[in-house]
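The chain contents come next:
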Amino acid sequence: MSIKHPGELEQLKTIGAIVGRSLEKLATYVKPGVRTAELDSLCARMLEDEGAQPSPPRVYNFPGAICISVNDEAIHGIPGDYVIQPGDLVKLDLTAEKNGFVADAAINVNVFPSRPEAVTLAACAENAFRKALAEVRPGCRIYEIGRAVESEVNRQGFSVMRALCGHGVGRAIHEEPQVPNYPDPRTRGTLTEGLVFTIEPIISAGSGEAEFGSDGWTIRTVDRSLTAHYEHTVVVTHNEPILLTAC
Ligand code: MF3
Ligand code: CO
Ligand code: CO
């Protein structure tokens, strides 16, 4: 969506803060021995306490309140019987809504004792996010976002999972425009004032090629290499962009 009224920004700030806080709080429960289904229940309760709802179950029939993807799983992991192990790289990706306004964010959690490569990979996803964020202003070509992300990721010797993109958000989970994490020559369009969208580098330590897991939801690396994912919902302004989902 594109924000036209201050009231819309207030509503987005409210759900953005709920998503950001819920992720940070949930991260403190990501410990060896915990099942991902338990994290999902905790997350559902946190949202309920805030008067918010998870969007993926309503919109896509996703079987969980939050996507939890571990190690070689990149996105759309289904919470279930998996038990968190020492050294896991866990991605928590939460999309939630309140009063019809939607925010989307994802963080990486490295479970103690963390693997050095996993820590570097997660930091790289964040760095790539920051590089792309620095480009955000009205008139910036969407193409430049992808260029900023991929050049940072490649500089650190990792790969963008090119099949997976950022997107407009705000009233629905996935809105126009698509925001690739690489300089796709087919990408047209520019950022405009008030646009609400996600920047979300999804990267791998291997080739970056993606495939569906057997559950039909989870997307993982073909070569089973580790992945990281960092995402915020961003608003374009004439000054600094607003990070709606930052705490
Ligand atoms: N949070 C995801 C994204 O960043 C969307 C999840 S929708 C689901 O685009 F249904 F696939 F879970
Ligand atoms: Co997301
Ligand atoms: Co997203």
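Here the structure is a predicted model, which means the values were calculated and not measured.

Student: An account of the coordination of the cobalt ion (ligand 3) is requested, with residue identities and associated values reported.
Tutor: Within the protein, the cobalt ion (ligand 3) binds to D104 (OD), H167 (NE2), E200 (OE) and E231 (OE); these donor distances fall in the range 2.0 to 2.1 Å. One chain supplies every donor to the cobalt ion (ligand 3), and in sequence these donors are spaced D-x62-H-x32-E-x30-E. In this structure, the cobalt ion (ligand 3) lies 3.2 Å from the cobalt ion (ligand 2), and both are coordinated by D104. Pair noted here: D104 is in strand β5 (residues 101-110) and E231 is in the loop between β13 (227-229) and β14 (232-235), with a separation of 127 residues, a long-range link. For the pair shown, D104 and E231 are each scored as buried.

Student: Any chance you could break down the sheet that holds strand β10 (residues 202-204) for me, citing the residues and the numbers?
Tutor: Reading across the sheet, the three strands line up as β6-β10-β13 and stay open at both edges, with antiparallel pairing between neighbours. Where the open sheet ends on each side, the last strands, each with one partner, are β6 (159-160) and β13. With three bridges connecting them, β10 and β13 associate as antiparallel partners. The residue bridging I203 from the neighbouring strand is A228, located in β13. Contacting β10 and β13, helix α4 (residues 116-133) crosses the sheet at an angle of about 35° to β13.

Rules used throughout
Residues numbered from 1 in each chain as written. Chains lettered and ligands numbered in written order. Predicted model: local features only at pLDDT ≥ 70, side-chain atom pairs only at ≥ 80, totals over all residues. Heavy atoms only, no water. Donors = N, O, S within 2.8 Å, 3.2 Å for Na, K, Ca; no water. Helix = DSSP H or I, 4+ residues; strand = E, 2+ residues; numbered from the N terminus. Buried < 20%, exposed > 50% of the residue type's maximum accessible area, 1.4 Å probe, protein only. Pairing = 2+ DSSP bridges. Contact = heavy atoms within 4.5 Å. Axes fitted to C-alpha atoms, helices over the stretch in contact; angles between N-to-C directions.

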